Number of protein chains: 2
Amino acid sequence: MTKEISEKKERLKTFMKQKGFKSTRQRDIIASEFLNCEDHVTAEELYKKVSRRHKDIGSTTVYRTLKLLAESGLATARVFADQLTRYEPVSEDEHHDHLICLDCGSIIEFEDPKLERLQERIASDFRFHIVDHKVEFYGYCWDCKK
Amino acid sequence: MTKEISEKKERLKTFMKQKGFKSTRQRDIIASEFLNCEDHVTAEELYKKVSRRHKDIGSTTVYRTLKLLAESGLATARVFADQLTRYEPVSEDEHHDHLICLDCGSIIEFEDPKLERLQERIASDFRFHIVDHKVEFYGYCWDCKK
DNA sequence: AAGGAAATTGAAATTCATTTTCAATATAAA
DNA sequence: TTTATATTGAAAATGAATTTCAATTTCCTT
Ligand SMILES: [Mn+2]
Ligand SMILES: [Mn+2]
Ligand SMILES: [Zn+2]
Ligand SMILES: [Zn+2]
């Protein structure tokens, strides 16, 4: 377990204590498995991974723990075109958007300051106060285009 | 019924004939109701509108007809944060994105050439071939901010 | 017009991800 | 320990959307 991950688990513990939530074996296992897979996983996908070695952990608990991770700020929930709720670990206050391949499903992450600034300009045009945004580009990655 | 709407209904007829689909009273009523409400409606919402005056039309048919309208190019399906599939009439090849108020739910449409160009630049950075995109800004509209 | 193949309809059943319920169990503070 | 409270997993419930199916329509073809 890397330093980053154990530090995150520490943050989770703090969050739970502060909120009056209890630390459990299940939450610990699920959080570890989640933080180790740097993917955009669904609850079911993570449940499959977890239950390979822990057949006693139910999928309901995985759904619940992912929600908890999101509340604690360690995970973000994302919904792409397939309408499944996916979670990804959050690293620092970094924000990014996604390029999604319609063929192989691969997801490329990108960050673009121009895009962020453009958003501000558009918002002010409409006197709108933006608190969040969703930018997804769908198409074909280099490999699939060939 | 405006000229634009009757012209659209004509296009739908052409599309249906060409595909071997049949014209029915239900489809006609549902399409009219849809084209008249310049909104981002869900199937259930449209079903409620339709069934006010046509209690014999079932919701299944509304779901099916909206799909048909999307296939014919007269409607586009959109999914915002509430995860419901919404449809909106398509006018010409015009493309637009959305600002969505988290308080009152109002939707502001906008078009930004800079955004479209930026997308191209980002795509080429990743050698990605974009065919579609989704840009949604969430926040608070002027009225709700007050 | 009438006949008939093929498409459409509405109700009910089904799907599928996610949430809720609930009795049994685990946690942690005293 | 004791005890109050939170958590768990199985099963049931939810809710949007789709599928199934028998009855009805549509629209060619005679
Ligand atoms: Mn990501
Ligand atoms: Mn719109
Ligand atoms: Zn690909
Ligand atoms: Zn508002």
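Residues numbered from 1 in each chain as written. Chains lettered and ligands numbered in written order. Predicted model: local features only at pLDDT ≥ 70, side-chain atom pairs only at ≥ 80, totals over all residues. Heavy atoms only, no water.

Draft legend 1. Region of the structure containing the protein's contact with DNA strand C. Taken together, 20 residues sit near DNA strand C, with K22 of chain A together with T24, R27, T61 and R64 of chain B positioned nearest. Take the atoms of DNA strand C that sit within 4 Å of the protein: sugar and phosphate atoms are 65% of them. Q26 of chain B is positioned such that a nitrogen or oxygen atom in its side chain is 3.0 Å from a sugar or linking oxygen of DNA strand C. Of all the elements in the fold, those that place two or more residues in the surface near DNA strand C are helix 4 (59-72) of chain A together with helix 2 (25-36) and helix 4 (59-72) of chain B. The leading source of residues in the surface near DNA strand C is helix 4 of chain A, at four residues. Looking at the surface near DNA strand C residue by residue, the classes come out as four nonpolar, eight polar and eight charged. (Near = heavy atom within 4 Å. Polar contact = N/O pair within 3.5 Å; in protein donor to acceptor, adjacent residues only side chain to side chain. Helix = DSSP H or I, 4+ residues; strand = E, 2+ residues; numbered from the N terminus. Nonpolar A, V, L, I, M, F, W, Y, C, P; charged D, E, K, R; others polar.)

Draft legend 2. Region of the structure containing the relation of the copies chain A and chain B. Superposing chain A onto chain B requires a rotation of 180° together with a translation of 0.0 Å along the rotation axis, leaving an RMSD of 0.1 Å. With respect to symmetry, the two chain copies, as superposed, fit the operation of a two-fold axis. Measuring from the rotation axis to each C-alpha of chain A, the shortest distance belongs to V135 of chain A, at 2.3 Å. When the interface residues of chain A are mapped onto chain B, 100% of them again fall at the interface, so both copies present the same face. (Least-squares fit on C-alpha atoms with pLDDT ≥ 70 in both. Contact = heavy atoms within 4.5 Å.)

Draft legend 3. A look at the coordination of the manganese ion (ligand 2). Residue and element names in this part refer to chain B. At the metal site, the manganese ion (ligand 2) is ligated by H40 (NE2), E88 (OE), E88 (OE), H96 (NE2), H98 (NE2) and E109 (OE), and these contacts range over 2.1 to 2.6 Å. Because the angles between the six donor atoms bound to the manganese ion (ligand 2) fall within 53 to 169°, the donor set is best described as irregular. Counting residues between consecutive donors of the manganese ion (ligand 2) along the chain gives the motif H-x47-E-x7-H-x1-H-x10-E. One end of the pair, H40, is in the loop between helix 2 and strand 1 (41-42); the other, H98, is in strand 4 (residues 97-101), with 58 residues separating them in the sequence. Overall, the relative accessible area of 1% leaves H98 in the buried class. (Donors = N, O, S within 2.8 Å, 3.2 Å for Na, K, Ca; no water. Tetrahedral: all angles 85-135°; square planar, octahedral: opposite > 155°, others 65-115°. Buried < 20%, exposed > 50% of the residue type's maximum accessible area, 1.4 Å probe, protein only.)

Draft legend 4. Looking closely at the coordination of the zinc ion (ligand 3). Residue and element names in this part refer to chain A. Distances from the zinc ion (ligand 3) to its protein donors, C101 (SG), C104 (SG), C141 (SG) and C144 (SG), fall at 2.2 to 2.3 Å. In this structure, the zinc ion (ligand 3) is coordinated by four donor atoms arranged in tetrahedral fashion, with angles at the metal of 102 to 115°. By relative accessible area, C141 is classed as buried at 9%.

Draft legend 5. Structural detail: the domain arrangement of chain A. All names here are of chain A. Structurally, chain A comprises domain 1 (3-89) and domain 2 (97-145). The centre of domain 1, based on its C-alpha atoms, is set 25 Å off from the matching centre of domain 2. Opposite the six residues of domain 1 that make contact, domain 2 presents seven residues. Between domain 1 and domain 2, the buried area comes to about 550 Å², and carbon and sulfur atoms account for 57% of it. For the pair domain 1 and domain 2, the interface holds zero salt bridges. Linking domain 1 with domain 2 are four residue pairs in polar contact (both at pLDDT 80 or more). When the residues that make up the side of domain 1 that touches domain 2 are grouped by side-chain class, the tally is three nonpolar, one polar and two charged. (Domains from an automatic or database assignment. Buried area = accessible area lost by both parts, 1.4 Å probe. Salt bridge = Lys/Arg side-chain N within 4 Å of Asp/Glu carboxyl O.)

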